[in-house]
Amino acid sequence: MREAYGKLNGKGKKIGIVVAKFNELVTRKLLDGAKQGLEQLGVEANNIIVYWVPGAFEIPRVVKLLSNSGKVDGIISLGAIIRGETSHYDYVCNEVSSGISQVSLNNKVPVMFGILTTDSMNQALDRAGGKSGNKGIECASGVIEMINLENELKLNK
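Described in the following lines is the structure provided in the data block.

1. Examining the pattern of salt bridges
So, point 1. In this structure the tally under the stated criterion is five salt bridges.
So, point 2. Across the pair R2 and E152 runs a salt bridge, and its minimum N-O distance is 2.4 Å. Pair noted here: R2 is in the segment before β1 (15–20) and E152 is in helix α5 (residues 135–155), with a separation of 150 residues, a long-range link.
So, point 3. R2 gets classed as exposed once you look at its relative accessible area, which sits at 59%.
So, point 4. Salt-bridge contacts for D90 lead to R83; the nearest nitrogen and oxygen are separated by 3.7 Å.
So, point 5. Judged by its relative accessible area of 37%, R83 falls in the partly exposed class.
So, point 6. Salt bridges linked by common partners bring R83, D90 and D119 together as one network.

As structure tokens, this is what we get:
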């Protein structure tokens, strides 16, 4: 039996990060975690490109454009959707997750889903470097692993 794993080596990789400005208190921490994680895995700082969008709803469009651009080997999407008193939360969560999923399945590079969907600001902060870790760091290792796994699959055709 043969098993394949993506290596956690980011040397020479170019990574795009699409991050929402809305709830920047949280998304800035996610971004810091993602950059730290990528650099720890060997991605050079000048090979990380950050694209800021107004809110989470705009992330899928920029992820799609970036995926088709040929400028990056992988993409990390970062945002924080925090439940409010209206159904707006549900619509945004559904559209963002659907949009990012479609890009990931139908475009050229792996896309990591680093969109927090929480009931409170405290829950979001817990997942952005608090007691629940940092989703940005998880996405950094995930995107590098996926890039290398996909490269392995291409080599073994």
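2. A word on the pairing of strand β3 (residues 74–82)
So, point 1. With eight of nine residues buried, β3 is to be regarded as a mostly interior element.
So, point 2. Pairing of β1 with β3, which is carried by five bridges, proceeds in the parallel orientation. The residue bridging I17 from the neighbouring strand is I76, located in β3.
So, point 3. Where β3 and strand β4 (residues 111–118) come together, eight bridges link them in parallel fashion. Pairing of I76 across the sheet is with M112, part of β4.
So, point 4. Tracing the backbone out of β3, into helix α3 (residues 88–106) and back to the parallel element β4 gives a crossover that is right-handed.

3. With respect to the pairing of strand β2 (residues 48–53)
So, point 1. Pairing between β1 and β2: six bridges, direction parallel. Bridge pairing in β2 places I17 opposite V50.
So, point 2. In the classification by handedness, the crossover that spans β1, the intervening helix α1 (residues 24–40) and the parallel β2 is right-handed.

The rules behind the values
- Residues numbered from 1 in each chain as written.
- Predicted model: local features only at pLDDT ≥ 70, side-chain atom pairs only at ≥ 80, totals over all residues.
- Heavy atoms only, no water.
- Salt bridge = Lys/Arg side-chain N within 4 Å of Asp/Glu carboxyl O.
- Helix = DSSP H or I, 4+ residues; strand = E, 2+ residues; numbered from the N terminus.
- Buried < 20%, exposed > 50% of the residue type's maximum accessible area, 1.4 Å probe, protein only.
- Pairing = 2+ DSSP bridges.
- Right-handed = clockwise from strand over helix to strand, strands pointing away.

Remember that the coordinates give geometry; whether it matters functionally is a separate question.
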